[in-house]
Amino acid sequence: MDKKILVTQSTIPPMDEYIREIESLWETKWLTNMGSKHVQLQQELAAYLGVENIELMVNGHMSIELGIQVCGFERGSEVITTPFTFTSTTHAIVRNGLKPVFCDVKPDDYTIDPEKIEALISDKTVAIMPVHVYGNICDVEAIDSIARKHGLKVLYDAAHTFGETYKGKGVGNFGDMSFFSFHATKVFNTIEGGAVCFHDEKYKQSLYDIKNFGIHGPEEVKAVGGNAKMNEFCASMGLCNLRHVDEAIEKRKKVVERYREKLSVIDGIKLNVVQDGVKQNYAYFPVVFDPEVYGKNRDEVQEILAGYGIGSRKYFYPLTNSYDCYEWKFDTAETPIAKSISDNVLCLPLYADLSLEDVDRICRIITEKC
Ligand SMILES: *Cc1c(COP(=O)(O)O)cnc(C)c1O
């Protein structure tokens, strides 16, 4: 049997480095509640991402959900968003009592199509929530000008874009807020974790309140908050991983370059775009198959790869506007481009320690066996 290759593998620091990082926790016995690791990681991330304001959270999803909540939108308001995303984006909107209004994506980079946003704006629209999918940066200029014209907030799901810049600017600076995920499978991880980056200082207190029960002092509770704190062990993992993240991105880049070299010559396979002005993080390697030209469809390719012990992921399939858990019923025919990509896309294995020999083996199967 061939060696198994999973679609992703978490990046972790050398074990002794992590142990050294957490040693002080045995002295202080301070395990959570915004201890020194949390404070330090928050500062280091603000510097690394080049953002003014950042609030760490327990995970990416709660960053999105609580970020939306502190905006204080009226229940039943509408948020224009993309169905071509992870469950989290759409669930966060719905769990806030808001209604997602799905806009189609662009065929070139799979991000929300700004030309189709304005037709969806109603008197109930309060925000636009795009996703920088696969690390492809949305058309931030066009989205910004639509939002300003109509007085809407822009909240970016930036879970895929850790460390990316556009025209030299950290991606967390676009829109009113950006949400990052530091989940184990992401380019940078804190095991579980996330963050909200934001411009307006007024959100600082409300985000802090909402992640820590609204507690201001031992006898002072000023807001109806919950609990979404990042603990000291997760923050310590973040401090270690942050030291190695540039190196990890360099290794991912080599993997992606090898894939591109081998697969760009094959008919019926569309690789991800390379956007002008973007410093990439090489988070994912999505491939869109055209079954007419390639000869096999996406599901068949996934099965063949699995036969060789190679994992791949239909990321994102199904579209979030086809979930049956929503009280409103949506129609994926309204987002035909997103539907076609979702039906034909497969993410190939990609992680920092994936060897180039393994990439060659995967490419050989796709080139010859399919
Ligand atoms: C990972 C991810 C999230 C959720 O982040 P968690 O840290 O897993 O909660 C949200 N949106 C997108 C696009 C993601 O990929």
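Residues numbered from 1 in each chain as written. Predicted model: local features only at pLDDT ≥ 70, side-chain atom pairs only at ≥ 80, totals over all residues. Heavy atoms only, no water.

Caption draft 1: Inspection of the overall build of the protein chain at higher detail. Helix and strand counts for the protein chain stand at eleven helices and 15 strands. Against the globule reference of 21 Å for 370 residues, the protein chain gives a C-alpha radius of gyration of 21 Å, in line with a compact fold. Projected onto the principal axes, the alpha-carbon positions of the protein chain cover approximately 70 × 55 × 40 Å. Across the 370 residues that make up the protein chain, the buried fraction comes to 55%. Counting contacts in the protein chain only where the partners sit at least 6 residues apart, residues at least 24 apart contribute 71% of the total. Here the protein chain has roughly 16,400 Å² of accessible surface; of this, 51% comes from carbon and sulfur atoms. The distance from the centre of the 41 positive side-chain charges to the centre of the 54 negative ones in the protein chain is 2 Å. (Helix = DSSP H or I, 4+ residues; strand = E, 2+ residues; numbered from the N terminus. Rg over C-alpha atoms; globule rule 2.2 N^0.38 Å. Buried < 20%, exposed > 50% of the residue type's maximum accessible area, 1.4 Å probe, protein only. Contact = heavy atoms within 4.5 Å. Areas by Shrake-Rupley, 256 points an atom, 1.4 Å probe, with all protein chains shown as cover. Lys, Arg positive; Asp, Glu negative; His and termini not counted. Charge placed at Lys NZ, Arg CZ, Asp CG, Glu CD.)

Caption draft 2: Main features of the domain arrangement of the protein chain. Segmentation of the protein chain into domains returns domain 1 (15-239) and domain 2 (245-369). Taking only C-alpha atoms into account, the centre of domain 1 sits 25 Å from that of domain 2. Of the residues lining the interface, 39 residues belong to domain 1; the matching set on domain 2 comes to 38 residues. The contact between domain 1 and domain 2 buries some 3,300 Å² in all, and 61% of this surface belongs to carbon and sulfur atoms. Its largest share of buried area at the contact with domain 2, domain 1 owes to Tyr110, Tyr134 and Val187, together 21% of the area lost on that side. Counting the contacts that link domain 1 with domain 2 gives zero salt bridges. On the surface where domain 1 and domain 2 come into contact, there are 19 residue pairs in polar contact (both at pLDDT 80 or more). (Domains from an automatic or database assignment. Buried area = accessible area lost by both parts, 1.4 Å probe. Salt bridge = Lys/Arg side-chain N within 4 Å of Asp/Glu carboxyl O. Polar contact = N/O pair within 3.5 Å; in protein donor to acceptor, adjacent residues only side chain to side chain.)

Caption draft 3: Quick look at the sheet that holds strand 9 (residues 194-198). Spatial ordering of the open sheet is given by 1-9-8-5-4-2-3, a layout of seven strands whose pairing is mixed. Both edges of this open sheet fall to strand 1 (53-57) and strand 3 (99-102), since each of them pairs with a single strand only. For this sheet the average axis-to-axis angle between neighbouring strands, irrespective of direction, equals 25°. Pairing of strand 5 (residues 153-157) with strand 8 (residues 177-181), which is carried by three bridges, proceeds in the parallel orientation. Note that in strand 8 the partner of Asp157 across the bridge is Phe179. (Pairing = 2+ DSSP bridges. Axes fitted to C-alpha atoms, helices over the stretch in contact; angles between N-to-C directions.)

Caption draft 4: Highlighting unusual backbone geometry. Following Tyr315, the chain continues to Phe316 via a peptide bond in cis, the omega torsion being 15°. Structurally, Phe316 can be placed in the loop between helix 9 (298-307) and helix 10 (336-344). The residue after Tyr317, namely Pro318, is reached through a cis peptide bond having omega -5°. Tracing the backbone shows Pro318 in the loop between helix 9 and helix 10. Phi is positive for Asn33, which is not a glycine, with a value near 60°. Under the relative-accessibility criterion, Asn33 is labelled partly exposed at 40%. Positive phi, normally seen in glycine, also occurs at Phe213, with a value near 60°. Examined against the element boundaries, Phe213 turns out to sit in the loop between helix 6 (202-211) and strand 10 (215-217).

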